[in-house]
Amino acid sequence: MRLPDYYRFCSRVRVLSGHGSVQKLPQVLSSLQVSRPMVITDSGIVHAGLLSLVKDPLEESGIPIAAEYTEVPSDSDVNTVNTIARLYLEQSCDSIIAVGGGSVIDTAKGVNMIVSNDRGAADIREIAGAGALIHRLSPLIAVPTTSGTGSEVTMVAVIEDHETQRKLLFTSYVLQPDVAILDSAMTMTLSPALTAATGMDALTHAIEAYTGLGKNPLSDAMALQAMKLIAGNLEHVVKNPSDRDGRLALAVGANLAGQAFSNSMVGIVHTIGHTVGSVCGIHHGLCVSILLPYGLEYNMHKISHLLEEIAPVLHPGRVSAASAAEETIEGIREMNRRLCTATEGAHATRLHDVIHRDGKAAMKPDHISIIAQAALGDGSQFYNPEQLDYEDVVHILEAAYWGYPLDRELIQKGHQR
Amino acid sequence: MNENLTFDFFAQPKVISGLKALEAIALELEGYDAHVPLVLAYAAGGSRELKLLKSALKESAVSIGAVCMLDRKLSSSDIPEILETLSSYECDSIITIGSGMVQSAAKMINILHSCDTDMEHIHELPCPIPETLPSVAVLTENLDGREATNRLLIDEYRLSHDALYPDCIIIDERMMGTVPIQQISASANITLALLCESCREESLSPIVRGWIVPAFRFLGDYQNSIEKRDARLAHTNAGIYAQIAHSNTGYGPVTTLAEVFEISQFCTASEAVASILPYYVRHLHKNQRALMGSISSDIETITLQKAIDSLWTHEGQRALHEQIIAMLSSYAAKTPERGKQPMIESLIRQTDRLLAHDDHTELLQLITCMVDTSRTEIAAGGDL
């Protein structure tokens, strides 16, 4: 293992993991010296009965919930953030408990930026520029209900602005929550399809962290542990959703992947995945799951040695040394196919097969050029080992759309002409 | 089979390592709204390091409030004066240059300052502890095993608390290269002990594994080029990872006994560790074979056997080892069956007195292992 010339690693989130760990919320609040928490979540969590798992131990300990916002939409935006922040201030809250997936936790981070801002900002859009996010924020406790985004441990928040059709990206160490509570009970109700998509999102975080330009010894180590846990448990949990130990392993895996990519950033799979998601409305986890093998094929000439290293972690006992890099990619494709079967087709393996709830195809061939153009503006490409080229992104999208392996002969970058 | 997924893990320090890492300090302190740091450094050799720090802060809004140049053998009696300096110069943060005792001193004054108390009342701190001052630890290679931890030890005063973690660890390549190789080896011994103790079944979570695996690998990959600057950086990084992992897994029997020897000034912690650790590894291997196998497969480039062998390479260490074993055995009567128990009880009494260590089981097993197994047997490999 080589020590890089320079690196930084920071993961200041206290991670509490275990079956029933959410019961420790009262002690967590006490250790943070707060007593008027605001709970932020979405209606799906309420209907699934998960909110009561959070509220009950607080009520039993006599800790009042100072405010509650349970309607965070799946496409949460600046207006939602601003509305919740007003409620927080009106009710004199002193901390936030975010219960949900990435959207809820990112919304909570946005709220925290406003309520902790010493310049009196009332709108998240006013918080921008160097120096805007260097001071400590109010205590934030994240209770993730999916095992994918890793948002409970990352230093990133993405807030949409529907009016301007822009995504506001905030990055700062102070955005890392104070505590992440990983409890199997909080993900037990996740459907097999969402378990598969979010799990593959986490696996993509880990693999892109390990193969990207921002890697360092600690992000590598976290990524490897994450890969081991996710690859070793994802299919089993999709087939056996009530397996508590498997659920907890996925939660820890996603958390470790979050620690890894938060310190190393992601690459081409997320670059294209972000755009496919926003243009076609496809679930982020499903996007990156489909694109992962293609992104690795594109980068192959720069990362084959790294793919060889992760091969035994992802596919223990079945990889031959001679073709480990190729087998790693093929193994991911096979994993996607098995997840597709286990979810009765819901976990699509090519973009062509992703169907919206109204029965219409989510993506059409016409989208490809639009996505390719827009993807070149995505910031995550800067940490990809190989530069992105418009024509190459088109080739990747065409291959991922129709579901055939990337023809590297057609690729500009990495192809030795 | 999944490993231990029930855990509570916390790592406060941000680690910044490599070329011109010192230059990051200003931004770190400004992130805490801190602009007037107290600087603690060793008088011997510290002036060069201080000069580098001043240069790194030159263009920033951070201006050093006061500097305390300390003796390498500083003691608890030095603490009040440093505390007084911190207050009288209205410092809002602490930068500590150097490894070892100076870092414990920084932790001590920080906790006393925030709790407005003195050393005699260090075990009666308020709960929760009020916010401490932002602190940056600039390290050299001669780690004592506590710098990046949530622990301090000065004379007989010892404390473990998450409030003691430094906020930022700086490992700058310009700070490397001034320490003799023997001191780096001594630090590596301690690092190895921390790593092995972190491997205990009950505490080995995936996050702990994430911190210890790269540390093991750095020790293995760089152990033969210790005189080079990048190897020194790697050893220091390994030490930091091990310390953070160990802060979350707790003291084990090796570090407990080593601390007893250190406090009683019989020998240094690293010397004690070098003698005790092989027995502990043997004990672990015997009782937690599957676990040790999985660690070894993670480590790849270093085997524990190789690492243990390296502990006994110096003649001086061998002699000390015999002395330690002789001392332990002197508690025992001539017949082992009758003699073991009083010896163990005596040691545990001593441990209790010095450390208030409440888990005797592992300690007892380790001491039994030391009495039962000869160094030759350990060195020969056997179960290892």
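Trainee: Would you mind going over the overall build of chain A in detail, with residue names and values included?
Mentor: Per the secondary structure count, chain A includes 13 helices and nine strands. Rg of the C-alpha trace for chain A: 21 Å, near the compact-globule value of 22 Å for 417 residues, within the 12% margin. Seen through its C-alpha atoms, chain A measures out along the principal axes to roughly 65 × 50 × 45 Å. Residues classed as buried in chain A amount to 59% of the 417 residues present. Put simply, 76% of the contacts in chain A that link residues at least 6 apart link residues at least 24 apart. When the accessible surface of chain A is split by element, carbon and sulfur atoms take 50% of a total near 15,600 Å². Separation of charge centres in chain A, based on 31 positive and 46 negative side chains, amounts to 3 Å.

Trainee: Talk me through the overall build of chain B; I want residue IDs and the actual numbers.
Mentor: For chain B, the helix and strand inventory stands at 15 helices and nine strands. For chain B, the residues scored as buried account for 61% of the 384 residues in total. Considering only contacts in chain B between residues 6 or more positions apart, those separated by 24 or more positions represent 80%. Total accessible area on chain B is roughly 14,800 Å²; 50% of this is exposed by carbon and sulfur atoms.

Trainee: Describe the interface of chain B and chain A, and please don't skip the residues or the numbers.
Mentor: Each partner contributes residues to the interface: chain B has 46 residues there, and chain A has 39 residues. Counting the surface lost from both chain B and chain A, the interface buries some 3,600 Å², and carbon and sulfur atoms represent 53% of this. At the surface where chain B touches chain A, the tally comes to four salt bridges. Between A:Arg14 and B:Asp162 there is a salt bridge; the shortest N-O distance is 2.3 Å. In this structure, the connection of chain B to chain A is made through 17 residue pairs in polar contact (both at pLDDT 80 or more). Listing elements by their share of the side of chain B that touches chain A, those giving two or more residues are β1 (7-9), β2 (14-18), α1 (25-31), α6 (206-222) and α7 (229-249) of chain B.

Trainee: Help me get a handle on the pairing of β2(B), residues and values and all.
Mentor: Burial analysis of β2(B) places five of its five residues in the buried class, which makes it a mostly covered element. In this structure, strand β1 (residues 6-9) of chain A lies alongside β2(B), joined through four bridges in antiparallel fashion. Residue pairing for β2(B): A:Tyr7 is matched across the bridge by B:Ser17. Note: β2(B) against strand β9 (residues 168-172) of chain B, five bridges, orientation parallel. Bridging from a neighbouring strand, B:Val15 pairs with B:Ile169 of β9(B).

Trainee: Give a description of the sheet that holds strand β5 (residues 93-97) of chain B that names residues and reports values.
Mentor: The sheet built from seven strands is open, its strands ordered β1(A)-β2(B)-β9(B)-β6(B)-β5(B)-β3(B)-β4(B) with mixed pairing. The open sheet has two edge strands, β1 of chain A together with β4 (66-70) of chain B, and neither has a second partner. Adjacent strand axes in the sheet meet at a mean angle of 15°, parallel and antiparallel pairs treated alike.

Trainee: Go over the packing of helix α9 (residues 268-280) of chain A against helix α10 (residues 284-314) of chain A, please, and point to the residues and values.
Mentor: Residue and element names in this part refer to chain A. Between α9 and α10, whose axes approach to 8 Å, the crossing angle comes to 140°. Here α9 is positioned oblique relative to α10, judged by the angle of their axes. Crossing of α9 against α10: the hand is right-handed. Mapping the contact onto sequence places Ile268, Val269, His270, Ile272, Gly273, His274, Val276 and Gly277 in α9 and His284, Cys287, Val288, Leu291, Leu292, Gly295, Tyr298 and Asn299 in α10. The residue makeup of the contact of α9 with α10, split by class, is nine nonpolar, seven polar and no charged.

Trainee: Which residues make up the packing of aromatic side chains, and what are the values?
Mentor: Aromatic rings in a pair are described by how distant their centres are and how their planes are angled relative to each other. All names here are of chain B. Counting across every chain of the model gives six aromatic pairs over all chains. Centre to centre, the rings of Phe10 and Tyr165 are 5.7 Å apart; their planes meet at 75°, and the pair counts as edge-to-face. Of the two residues, Phe10 is situated in the loop between β1 and β2 and Tyr165 in the loop between β8 (157-160) and β9; the sequence distance between them amounts to 155 residues. Residues Phe10 and Tyr165 agree in their burial class; the two are buried.

Trainee: Requested: an account of the state of the cysteines, with residues and values cited.
Mentor: Tallied over the entire structure, the rule returns zero disulfides over all chains. A:Cys340 takes part in no disulfide bond, and the closest cysteine sulfur to it belongs to A:Cys287, at a distance of 15 Å. Left unpaired, B:Cys267 is separated from the closest cysteine sulfur, that of B:Cys196, by 18 Å.

Trainee: Tell me what's going on with helix α6 (residues 192-211) of chain A, and back it up with residues and numbers.
Mentor: Side chains of residues three or four places apart in an α-helix project in the same direction, reflecting 3.6 residues per turn. Between its terminal C-alpha atoms α6(A) stretches 28 Å, which fits the 28 Å expected from 20 residues at 1.5 Å a residue. Where burial is concerned, most of α6(A) is hidden: 17 out of the 20 residues are buried.

Trainee: An account of a negative patch on the surface is needed here, citing residue identities and associated values.
Mentor: On the surface, a cluster of negative charge is made up of B:Asp118, B:Glu120, B:Glu124, B:Asp155 and B:Glu156. Tracing the chain through its elements places B:Glu124 in the loop between α4 (101-115) and β6 (135-138).

Trainee: So what's going on with the side chain of B:Arg158? Which residues, and what values?
Mentor: Among the structural elements, B:Arg158 can be located in strand β8. A polar contact is formed between the side chain of B:Arg158 and the side chain of B:Tyr251, at a distance of 3.4 Å.

Trainee: Lay out unusual backbone geometry in plain terms, naming residues and giving numbers.
Mentor: The backbone of A:Glu344 shows a phi angle near 55°, a positive value even though the residue is not glycine. Position of A:Glu344 relative to the elements: it lies in the loop between α11 (324-342) and α12 (367-375). The phi torsion at B:Asp33 lies on the positive side, around 65°, for a residue other than glycine. With respect to the helices and strands, B:Asp33 occurs in the loop between α1 and β3 (37-42).

Trainee: Kindly report on the environment of A:Thr149, identifying the contributing residues and their values.
Mentor: Residues and elements named next belong to chain A. One can find Thr149 in the loop between β6 (140-144) and β7 (156-161). A C-alpha to C-alpha distance of 5.6 Å links Thr149 and Gly102, two positions 47 residues apart in sequence. Of note is the side chain of Thr149, whose polar atom sits 3.0 Å from the backbone nitrogen of Ser151.

Trainee: Help me get a handle on the pattern of salt bridges, residues and values and all.
Mentor: Applying the stated criterion across every chain, the model contains 25 salt bridges over all chains. Here A:Glu68 and A:Lys55 are joined by a salt bridge, their closest N and O atoms 3.1 Å apart. With a gap of 13 residues between them, A:Glu68 in strand β4 (residues 67-69) and A:Lys55 in helix α3 (residues 50-60) connect regions that are remote in the sequence. For B:Asp172, the salt bridge identified is with B:Arg174, shortest N-O distance 2.8 Å. Where salt bridges share partners, they join B:Asp144, B:Arg146, B:Arg158, B:Glu259 and B:Glu262 into one cluster.

Conventions we followed
- Residues numbered from 1 in each chain as written.
- Chains lettered and ligands numbered in written order.
- Predicted model: local features only at pLDDT ≥ 70, side-chain atom pairs only at ≥ 80, totals over all residues.
- Heavy atoms only, no water.
- Helix = DSSP H or I, 4+ residues; strand = E, 2+ residues; numbered from the N terminus.
- Rg over C-alpha atoms; globule rule 2.2 N^0.38 Å.
- Buried < 20%, exposed > 50% of the residue type's maximum accessible area, 1.4 Å probe, protein only.
- Contact = heavy atoms within 4.5 Å.
- Areas by Shrake-Rupley, 256 points an atom, 1.4 Å probe, with all protein chains shown as cover.
- Lys, Arg positive; Asp, Glu negative; His and termini not counted.
- Charge placed at Lys NZ, Arg CZ, Asp CG, Glu CD.
- Buried area = accessible area lost by both parts, 1.4 Å probe.
- Salt bridge = Lys/Arg side-chain N within 4 Å of Asp/Glu carboxyl O.
- Polar contact = N/O pair within 3.5 Å; in protein donor to acceptor, adjacent residues only side chain to side chain.
- Pairing = 2+ DSSP bridges.
- Axes fitted to C-alpha atoms, helices over the stretch in contact; angles between N-to-C directions.
- Parallel < 35°, antiparallel > 145°, perpendicular 65-115°, else oblique.
- Left-handed = near helix turned anticlockwise from the far one by under 90°.
- Nonpolar A, V, L, I, M, F, W, Y, C, P; charged D, E, K, R; others polar.
- Phe/Tyr/Trp six-rings, centres within 6.5 Å; stacked < 30°, edge-to-face > 60°.
- Disulfide = S-S within 2.5 Å.
- Expected span 1.5 Å × (residues − 1).
- Patch = residues over 30% accessible without salt bridge, like charges linked within 9 Å, V, L, I, M, F, W, Y side chains within 5 Å.

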